[in-house]
Amino acid sequence: MVKALIIGLNTFRETLRLKSYQIILIFALLLLGSSQLFSFLTPEEQLKMIKDVSLSGIEIFAALLAIFTAMTSLRNEFETNTISTLLSKPLRRSEFILGKFIGSVLAITLSVILMAAVFSTLILIKQHSLEAGLFSATFLIWAEMLVIVALTLAVAAFASTAFTLIFVLFLFLTGHLTGYGLELAQQAKNPLLQALTKIFYKVIPNFENFAIRDEIAVGVSVSLSYLLKTFGYGLIYTFIALLLCLYFFQFREV
Amino acid sequence: MDEKIALKIEGLSKVYQLGRRKEVVALDNLALEVKQGEIFGLLGPNGSGKTTAIKLILGLIFPSSGTIEILGQKHTEVSVKEKIGYLPENPYYYRYLTGPEILNFFGRIFSLPEETLKERRENLLQLVGLENSGHLALKHYSKGMLERIGLAVALLNDPEFLILDEPTTGLDPIGSRETRNLLGRLQSEGKTIMLSSHYLSEVEKISNRVGILHQGKLLALGALRDLMTEWKASDIEDLFVKVIEWSKH
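Note that this is a predicted model, so its numbers are computed, not measured.

Undergrad: Looking at this model, I keep getting lost on the UniProt feature "transmembrane region" (unreviewed entry) in chain A. Mind explaining?
TA: In the numbering used here, UniProt assigns the feature "transmembrane region" (unreviewed entry) to residues 20–41, 53–74, 101–125, 146–173 and 231–249 of chain A. The annotated region residues 101–125 of chain A carries 100% helix and 0% strand content, and the separation between its end C-alpha atoms amounts to 36 Å.

Okay, here's the thing in structure tokens:
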């Protein structure tokens, strides 16, 4: 575990130095800041819009950063061949993968905190107070990112960069749509379609569970048990994805 | 006398499958032993299988068949890697770290106590002549400096068995001589060294025994003097050419 932490801290340092990470993060912060521009709406509508759009923005940018960070952290080791030096040392492949996960999660945590800070400042300016629901929503976005980082590492452990990017983006989008897909398939009354959507629904993580922006925007609070249940749901997927990653990485030649 | 064998390889092969029908044999049924305390030179032209053999020994790639034992243990054991020092060909490390930082990083991977790490870091930087470059990030290092810091990383855990892949690439004649002297000193301390190189004169000056690889096959193995007598060669270059030419017939 100590060695995984050493790799993790180094991955975190490396990620913060990446120009592309910095650019995506700065762009996200600027976009969040610009949600002030909904000035054509009434103050109440404007507040709802800022909450809804900003939480969606945080989720999308955090997902992009999570995919990019996890993918790059593994790819760079192969491109620079530092991985062959690392794995020639007394370091287990599992410690290496866990380190990459820790480092990527640290980088994502920092970016979510920064985006949430900009968002909270905007709300404070408009509303002069912060409700607990905003923190719950941010927490669930962060929990969703754990799953995305682990999934990205699992795919990147055996696939090319382009495939990883496309496949994980596909999973991210599908994971937001499986619930709707299931409802639509039930209405269609086609057994094959129903079976397929059920499989998708069971296998792909339902990312809509993590999205509580609609509730937050209209001031509905979310219970602690829902937060914990969803966090646990995310942890299960994270654990499975990390196990898959490790399985694929055991057979990868460096 | 198994206890005197640092490296034992039996029937080691590596075959890469290229599509369904085509395959490339990178290493073909390699068998060799490296004795403890000797300097063993693995020779061969580019693409002969030297780096493949080293990567297999280190567990970076997986054999198609065969076994490898290092210091009496299976080569994939994590504990055996604590006794190995490895210098890759063209060593590349995290470019934004300085020399002392990269040594700290790997020292922690070796779980060295902080006091030991500090002492070794300073001694090794001095040994490889980088004691005044501590402030420089590795991205500003020359090829020779990278080779030197690579050697420092390889020696950081005070290894019993040192594996060096083309250790003098990028070094000037003075640097090459210093490295040779250093390897001699390490041997006198009882360390086993295996180096791969296509710089024949370098190997001739320091190796006790050599193996010549060509197209994945070990064509000759033994003490340099014995091999030169056997092949009626005037020097190592002559030996190398005769062995390679013979393999073509």
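We are not done yet, so read on.
Undergrad: What exactly am I supposed to notice about the sheet that holds strand S10 (residues 217–223) of chain B here?
TA: Picture the strands of a sheet paired through backbone hydrogen bonds; they go either parallel or antiparallel. Residues and elements named next belong to chain B. If you walk across this open sheet you meet the six strands as S6-S7-S8-S3-S9-S10, and the pairing is mixed. At either margin of the open sheet sits one strand with a lone partner, and together these are strand S6 (84–87) and S10. Strand-to-strand twist in this sheet, taken as the mean axis angle between neighbours without regard to direction, amounts to 15°. Here helix H6 (residues 173–188) sits on the sheet in contact with strand S3 (39–43), strand S7 (161–165) and strand S8 (192–197), set at roughly 150° to S8. Here helix H9 (residues 236–248) sits on the sheet in contact with S3, strand S9 (209–214) and S10, set at roughly 35° to S9.

Undergrad: What is the right way to look at the environment of B:Leu164 in this model?
TA: Residues and elements named next belong to chain B. Along the polypeptide, Leu-164 turns up in strand S7. The class for Leu-164 is buried, based on a relative accessible area of 0%. Ignoring any residue separated from it by four or fewer positions in sequence, one finds Leu-164 in contact with Ile-54, Leu-87, Leu-151, Leu-183, Ile-193, Met-194, Leu-195 and Ser-196.

Undergrad: It is not clear to me how the packing of aromatic side chains should be interpreted in this structure. Could you clarify?
TA: Aromatic ring pairs are reported here in terms of the distance separating the ring centres and the angle at which the planes meet. All names here are of chain B. In total, this model carries 20 aromatic pairs over all chains according to the counting rule given. With 6.3 Å between their ring centres and 40° between their planes, Tyr-94 and Tyr-96 make a pair best called tilted. Overall, Tyr-94 belongs to the buried group, its relative accessible area being 4%. Given a relative accessible area of 14%, Tyr-96 falls into the buried group.

Undergrad: How do you make sense of the packing of helix H3 (residues 43–79) of chain A against helix H6 (residues 132–156) of chain A when you look at a structure like this?
TA: The description of two packed helices rests on the angle between their axes and on the distance between the axes. Residues and elements named next belong to chain A. For the pair H3 and H6, the least separation of the axes is 8 Å and the interaxial angle reads 25°. On the basis of the axis angle, H3 is roughly parallel to H6. Our pair here, H3 against H6, has a crossing hand that is right-handed. Across from Lys-51, Leu-55, Ile-58, Glu-59, Ala-62, Ala-63, Ala-66, Ile-67, Ala-70, Met-71, Ser-73 and Leu-74 in H3, the residues of H6 making contact are Leu-134, Ala-137, Ile-141, Glu-144, Met-145, Ile-148, Val-149, Thr-152, Leu-153 and Ala-156.

Reading guide: rules and limits
- For every chain, the first residue of the written sequence is number 1, and numbering continues from 1 onward in sequence order.
- Chain letters and ligand numbers both follow the written order, the letters beginning at A and the numbers at 1.
- Restriction of local features to residues with pLDDT of at least 70 applies here, the model being predicted, together with a cutoff of 80 or more for giving and counting side-chain atom pairs; totals for whole chains, interfaces and linings are based on all residues.
- Think of the side-chain values as coming from all heavy atoms in the structure, minus any hydrogens and water.
- UniProt positions are given in the numbering used here, feature names are shortened, and annotations may be inferred rather than shown by experiment.
- Each helix corresponds to a stretch of at least 4 residues labelled H or I by DSSP, and each strand to a stretch of at least 2 residues labelled E; elements are numbered beginning at the N terminus.
- One requirement defines pairing of two strands: DSSP has to find at least two bridges between them.
- To get an axis, a line is fitted to the C-alpha atoms, and for a helix only the part in contact is used. The angle between two axes follows their N-to-C directions and goes from 0 to 180 degrees.
- Here a residue-residue contact requires only that any non-hydrogen atoms of the pair lie within 4.5 Å.
- A simple rule labels every residue: compare its accessible area, found with a 1.4 Å probe on the protein chains alone, to the largest value its type can have, and call it buried under 20%, exposed over 50%, or partly exposed in between.
- Centres within 6.5 Å are what make two rings of Phe, Tyr or Trp a pair, Trp counting through its six-membered ring; a difference in plane orientation under 30 degrees is then read as stacked, over 60 as edge-to-face, and the rest as tilted.
- For classification purposes, angles smaller than 35 degrees are called roughly parallel, those larger than 145 roughly antiparallel, those between 65 and 115 roughly perpendicular, and all remaining angles oblique.
- In this scheme the crossing of two helices becomes right-handed for a clockwise turn of the near helix relative to the far one and left-handed for an anticlockwise turn of less than a right angle.

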